[in-house]
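Summary of the model geometry
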Amino acid sequence: MTTDHPAERDGAGHDRFAAFSDRAANVTSSPLFYLLCVLLVLGTVVLHLVHPPLSWLIFAGDVMTSVSLLLLALLKNAEQRDTHAVQRKLDAIAAALLEQREGTNQEAAEALRRAIGTTGKR
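So, a few notes on the structure that sits alongside this text. In this text the structure is predicted, and so the values were computed from the model without any measurement.

Turning our attention to the environment of Ala24. Along the chain, Ala24 falls in helix 1 (residues 12-28). We classify Ala24 as buried; its relative accessible area is 12%. Distance in space between the C-alpha atoms of Ala24 and Leu75 is 7.3 Å, their sequence separation being 51 residues. Setting aside residues no more than four positions away along its own chain, Ala24 makes contact with Leu74 and Leu75.

Attention now goes to helix 3 (residues 54-101). With 48 residues, helix 3 should reach 70 Å at 1.5 Å per residue; the first-to-last C-alpha distance of 69 Å fits that figure. Within helix 3 the residues assigned to the buried category are Ala60, Leu74, Asn77, Ala78, Arg81, His84, Ala94, Ala95 and Leu98.

A contiguous nonpolar patch, built from Leu32, Leu35, Leu39 and Leu42 and spanning about 420 Å² of accessible area, is present on the exposed surface. You can see Leu39 is positioned in helix 2 (residues 31-50).

Rules used throughout
Residues numbered from 1 in each chain as written. Predicted model: local features only at pLDDT ≥ 70, side-chain atom pairs only at ≥ 80, totals over all residues. Heavy atoms only, no water. Helix = DSSP H or I, 4+ residues; strand = E, 2+ residues; numbered from the N terminus. Buried < 20%, exposed > 50% of the residue type's maximum accessible area, 1.4 Å probe, protein only. Contact = heavy atoms within 4.5 Å. Expected span 1.5 Å × (residues − 1). Patch = residues over 30% accessible without salt bridge, like charges linked within 9 Å, V, L, I, M, F, W, Y side chains within 5 Å. Areas by Shrake-Rupley, 256 points an atom, 1.4 Å probe, with all protein chains shown as cover. Salt bridge = Lys/Arg side-chain N within 4 Å of Asp/Glu carboxyl O.

Rendered as structure tokens:
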């Protein structure tokens with residue numbers, strides 16, 4: 001287990017997990033998946049109305065909880081990698097603006113330098 005940002009981790013396993021996480025994010029954002037979730041919730045409501053044995057209700061709740069936990073982990077991984085990619089792009093834009101403005105206005109260049117977390121000249 002590591003505390004590194006998902007976009008900064010290395011290793012062959014990460015590439016497969018990242019690809020799987022991206023596919024899971026695409027599937028779970030589809031209308032078909034939403035319909036499946038609605039059907040699962042309705043099925044659980046119907047199951048409660050039928051009054052089956054308690055073990056069935058517990059099993060149904062455990063299945064829904066497990067699916068929710070797995071989806072949360074997959075979607076959070078995809079979100080973290082997307083956020084990191086956006087931040088890298090914003091840093092590159094800020095650095096380009098900084099280079100462009102370097103000779104003309106030191107106050108703006110200094111503000112941009114603080115925004116991207118650098119000091120001194122590159």
